[in-house]
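Reading the structure
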Amino acid sequence: MRCSAIVLGLLLLPLVARAQDTTRAIDRGVRVGITYTPGMRPSIMVLPAPALDSVRAIILRDLDYSDRFDVIGVPNTVASPARGGQQGATTALNYALYRTFGANYGVEIAPSGREIVVRLHDLNLGAMKQEAHAAIPDPGTPGFRMAVHQMSDQIVRWVTGTSGVAATQLLYISNKRVYRIDSDGENAVAITGETEEPLSPAWSPDGRRIAYTQFTAGKGPIVVLTLATGQRTIVPSTGKDLNITPVFAPDGRTLAFARVTEEGTDIYSADIADACCVQRLTVGRFADNLSPTYSPDGRRIAFVSTRAGLPQIYVMATDGTDQELFAPFDYGVTGSSNAPDWSPDGTSVVFHREVSRSPQLFILDVASGRVRQLTSTGRNEDATWAPDGRHLAFVSDRSGRRLLWVIDVETGRIRQLTTSAAARLPAWSRGSPGSMPGPR
Amino acid sequence: MRTTHARMTFVAALALAAACGKKAPPEQPTPQPAPTTTADDAAARARARQDSIDAANRAKADAEARARAAAEEAARHLASLRETIGAMIHFDFDKSDIHPEDEALLDQKAAILNANPALRLRIGGHCDERGSDEYNMALGNRRAAAAKRYLVNKGVGADRLDVVSFGEERPLDPGHDETAWAKNRRDEFEILAGGDNLVAPR
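Cut-offs used in this document
Residues numbered from 1 in each chain as written. Chains lettered and ligands numbered in written order. Predicted model: local features only at pLDDT ≥ 70, side-chain atom pairs only at ≥ 80, totals over all residues. Heavy atoms only, no water. Helix = DSSP H or I, 4+ residues; strand = E, 2+ residues; numbered from the N terminus. Contact = heavy atoms within 4.5 Å. Areas by Shrake-Rupley, 256 points an atom, 1.4 Å probe, with all protein chains shown as cover. Buried < 20%, exposed > 50% of the residue type's maximum accessible area, 1.4 Å probe, protein only. Disulfide = S-S within 2.5 Å. Buried area = accessible area lost by both parts, 1.4 Å probe. Salt bridge = Lys/Arg side-chain N within 4 Å of Asp/Glu carboxyl O. Polar contact = N/O pair within 3.5 Å; in protein donor to acceptor, adjacent residues only side chain to side chain. Nonpolar A, V, L, I, M, F, W, Y, C, P; charged D, E, K, R; others polar. Pairing = 2+ DSSP bridges. Phe/Tyr/Trp six-rings, centres within 6.5 Å; stacked < 30°, edge-to-face > 60°. Lys NZ or Arg CZ within 6 Å of the ring centre and 35° of its normal. Expected span 1.5 Å × (residues − 1). pLDDT = per-residue confidence, 0-100. Core = buried A, V, L, I, M, F, W, Y, C linked by side-chain atoms within 4.5 Å.

1. Details of the overall build of chain B
Secondary structure summary: chain B contains 5 helices and 4 strands in total. Moving toward the C terminus, one meets the helices and strands of chain B in the order α-α-β-α-β-α-β-α-β. Within chain B, contacts between residues separated by at least 24 positions form 77% of all contacts whose residues are at least 6 apart in sequence. Carbon and sulfur atoms form 58% of the exposed surface of chain B, whose accessible area is close to 12500 Å².

This is how it looks when you write it as structure tokens:
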């Protein structure tokens, strides 16, 4: 009896260990909500739109990936929006019918002349809440998916008051090139050529430029690339030595980076608008200071420093003063901490820290100074915040290779972003691409 | 008048020369017994000629072999010096301290550098794939700088040693185990200039 209990316990051990991972995978696709319970996420359904299947499919997945709803599937028997006559208006739906599926909200999309109209219905109230028209390029043409993503973000904003992040993009490194990919994992394109060896791509706040290290035989300048024109400029003072981990300040004209020299690695900032005013922010004396990340108000910089031995997370004012430890650690116990990224809402800093020689994502709460561990399966590193401040893209080898994954820090839900070639050093854009058409 | 005198001197000289020729006829070889056959004679002459050709060839070949051996020895010597200069040193995980067992090698490098003032090196620091990609750039730099500091302390001019970092971007061994990682945590030493002729340190 006792023996069998031990055996049972041993058998259960792996299951228990697995269950501790906060990043449990949840099935892709649409989940069917059962009943509405106060305190749960609102449930939403996207009504059938026979002429707009591809638009509807994108919106459905965007709403699912937003992690703010229970997305409810519509039975095949309901082929097109069922109208009801309660309000006598053409916009009214058969709310009683849709309420039976358990959804709080219904999204209706329909052609409207050369545009698409999108309507949000509150099924409980039995009323249309919002309506917008958008010019959507034809499916398959450039800008189509991004225009639909912007509709999705509009829907999220209508319901939650906060925009979604469907119409955003990420940069990452794969096969010695900078790639750009949509937040739903589509449209991956290389934006640097085969002759460069870029590292650490970073977005400008307006998404029109990127900065990266142009690595060449152990050295490398920081290059700023204007995406629309392909114009490249070298950041002042980075023409020799090795310059790494560039990041734009929220003002869009200041760039911080780390310069690697024989005396160590130190953080500098430069004005790239006027190509001037290079300022040294740290004086390492053989210690390393790197990976700067600005607070969203542009007044502080979190960074990595080896001043106490292993790399840990520190913070300073943007002029280099008031340097202090940011993420607490136990000397001689806590592993290396690296790659901080300050959240867009300013409340937290994500970084990765070695736990049993495997990097795991941690979040520092800026107000309390407390740190919590977010992942525990495989190696998880180099996280980057989405503009909504609740999703993170990061590198993980949990599937065997180093690929990009996205985690919702509020629910722990995780999804895979890239599937093919090894990917690393992701950077999530700060907003939607400025040139894309969107809902009016 | 002058011309006549010169012509007379010339004629006299000719006459004198003719008289001398007659008084001292060219020495004739001592008469030898008639050779048995003219064929034997021809063979002997051919053999003698061939022998001298062979001897000359042998001497030439010997000289060439000696030169070749000397060149090979010099090349071996140069290769050995270059190999010592290019030999890698290795590091512990996330460390940039020089291993005590690598100090003898660095001492040899320093001696060669000191014996060859034109020699310039690029020291490249490398990391294994673990650790943050970006932090590894700083770590690789620290590893290269550590070797440079050691050599400078042994008298090598700092301006002769270039320091660069490759982070984890150039693994020697693409594996994902401790053997591969240990190989990849290294400093490489590349000759930038002055490596065509090296003299051994005394």
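More follows now that the structure is in view.
2. Remarks on the overall build of chain A
The secondary structure content of chain A amounts to 4 helices and 29 strands. Among the 440 residues that make up chain A, the fraction classed as buried is 53%. Approximately 19000 Å² of chain A is accessible, and the part contributed by carbon and sulfur atoms is 52%.

3. Some remarks on the state of the cysteines
Residues and elements named next belong to chain A. For the structure shown, the criterion picks out 1 disulfide over all chains. With a sulfur-sulfur separation of 2.3 Å, Cys276 is cross-linked through a disulfide to Cys277. Across the S-S bond linking Cys276 and Cys277, the dihedral sits near -70 degrees, which makes this disulfide left-handed. What makes Cys277 exposed here is its relative accessible area of 54%.

4. As for the interface of chain B and chain A
At the interface, 26 residues of chain B touch 34 residues of chain A. Each partner contributes to the roughly 2300 Å² buried at the junction of chain B and chain A, and carbon and sulfur atoms together form 48% of this total. Our count for the chain B to chain A interface comes out at 8 salt bridges. Between B:Asp133 and A:Arg402 there is a salt bridge; the shortest N-O distance is 2.9 Å. Summed over the shared surface of chain B and chain A, the result is 10 residue pairs in polar contact (both at pLDDT 80 or more). Looking at the side of chain B that touches chain A, the elements that each hand over two or more residues are helix 4 (133-153) and strand 3 (161-167) of chain B. Per element, the largest residue contribution to the side of chain B that touches chain A is 11 residues, and it comes from helix 4 of chain B. Split into classes, the residues belonging to the side of chain B that touches chain A amount to 10 nonpolar, 4 polar and 12 charged.

5. Overview of the side chain of A:Glu196
Residue and element names in this part refer to chain A. In this fold, Glu196 is placed in the loop between strand 8 (189-190) and strand 9 (198-203). Note on Glu196: relative accessible area 12%, which makes it buried. Here Gln214 takes part through its side chain, which lies 2.4 Å from a polar atom of the side chain of Glu196. Separated by 2.8 Å, the side chains of Glu196 and Arg232 make a polar contact. Once you skip the residues sitting within four places of it in the chain, Glu196 turns out to touch Lys176, Tyr212, Gln214 and Arg232.

6. Regarding the sheet that holds strand 7 (residues 177-182) of chain A
Sheet strands pair by backbone hydrogen bonding; their relative direction is either parallel or antiparallel. Residue and element names in this part refer to chain A. Pairing is antiparallel in the open sheet, where 4 strands are placed in the order 8-7-6-29. Single-partner strands in this sheet number two, and they are strand 8 and strand 29 (424-428). Examined bridge by bridge, strand 6 (residues 169-174) and strand 7 share 6 bridges and lie antiparallel to one another. By the bridge assignment for strand 7, Leu171 is matched with Arg180.

7. Let's talk about the pattern of salt bridges
Tallied over the entire structure, the rule returns 37 salt bridges over all chains. Ionic pairing is found between A:Arg390 and A:Asp408, a salt bridge with its closest N-O pair at 2.7 Å. One end of the pair, A:Arg390, is in the loop between strand 25 (380-385) and strand 26 (391-396); the other, A:Asp408, is in strand 27 (residues 403-408), and 18 residues separate them in sequence. A residue is classified by how much of its surface remains accessible, and A:Asp408, at 0% relative accessible area, is buried. Between B:Asp41 and B:Arg45 there is a salt bridge, with its nearest N and O atoms 2.5 Å apart. Linking B:Asp41 with B:Arg45, this pair stays in helix 2 (residues 38-86), spanning 4 residues, or about one helical turn. Relative accessible area serves as the criterion here: at 33%, B:Asp41 is assigned to the partly exposed category. Members of the salt-bridge network, linked through shared partners, are A:Arg379, A:Glu381, A:Arg402, A:Arg424, B:Asp133, B:Glu168 and B:Glu169.

8. Here we look at the packing of aromatic side chains
In total, this model carries 7 aromatic pairs over all chains according to the counting rule given. Each ring, one from A:Phe326 and one from A:Trp342, has its centre 5.3 Å from the other, and the planes form 50 degrees; the classification is tilted. Here A:Phe326 is found in the loop between strand 20 (324-325) and strand 21 (337-342), whereas its partner A:Trp342 is found in strand 21, with 16 residues between them in sequence. You can call A:Phe326 buried: its relative accessible area is 11%. The aromatic ring of B:Phe189 is capped on one face by B:Lys109, whose charged end is 3.9 Å from the ring centroid.

9. What about helix 4 of chain B?
All names here are of chain B. Taking 1.5 Å of rise per residue, the 21 residues of helix 4 would be expected to cover 30 Å, and the 31 Å separating its terminal C-alpha atoms lies within 8% of that figure. With respect to burial, helix 4 is a largely interior element, 18 of its 21 residues being buried. Phi for Gly155, located one or two positions after helix 4, is positive at around 100 degrees.

10. Here's the deal with the confidence of the model for chain A
Residues and elements named next belong to chain A. With 85% of its residues at a pLDDT of 70 or more, chain A has an overall mean of 87. Counted against residues more than four places away or in other chains, residues 1-38, with its pLDDT under 50, gives 43 contacts. Taken together, the stretch residues 434-440 has pLDDT below 50 and engages in 18 contacts with residues farther than four places along the chain or on a different chain.

11. Side note on the pairing of strand 26 of chain A
Residue and element names in this part refer to chain A. Burial runs high along strand 26: 6 of the 6 residues are buried. Burial along strand 26 is two-sided: the residues His391, Ala393 and Val395 and Leu392, Phe394 and Ser396 are all buried. As defined by bridge partners, strand 25 adjoins strand 26 across 4 bridges and the pair is classed as antiparallel. Bridge pairing in strand 26 links Thr384 to Ala393. Between strand 25 and strand 26, which pair antiparallel and follow one another directly, the connecting turn spans 5 residues, one of which, Gly389, has a positive phi of 70 degrees. Of the strand pairs in this sheet, strand 26 and strand 27 are connected by 6 bridges, and their pairing is antiparallel. The residue of strand 27 that forms the bridge with Ala393 is Val406.

12. Digging into the nonpolar core
Residue and element names in this part refer to chain A. Judged by nonpolar contacts, the single largest core of 35 residues is most densely connected at Leu171, Ile210, Ile244 and Phe326. Setting aside residues up to four positions removed in sequence, Leu171 forms contacts with Val178, Tyr179, Arg180, Ile191, Pro201, Ala202, Trp203, Ile210, Leu425, Pro426 and Ala427. Counting residues in hydrophobic clusters, the runner-up holds 28 residues, among them Ile44, Leu60, Ile109 and Val156.

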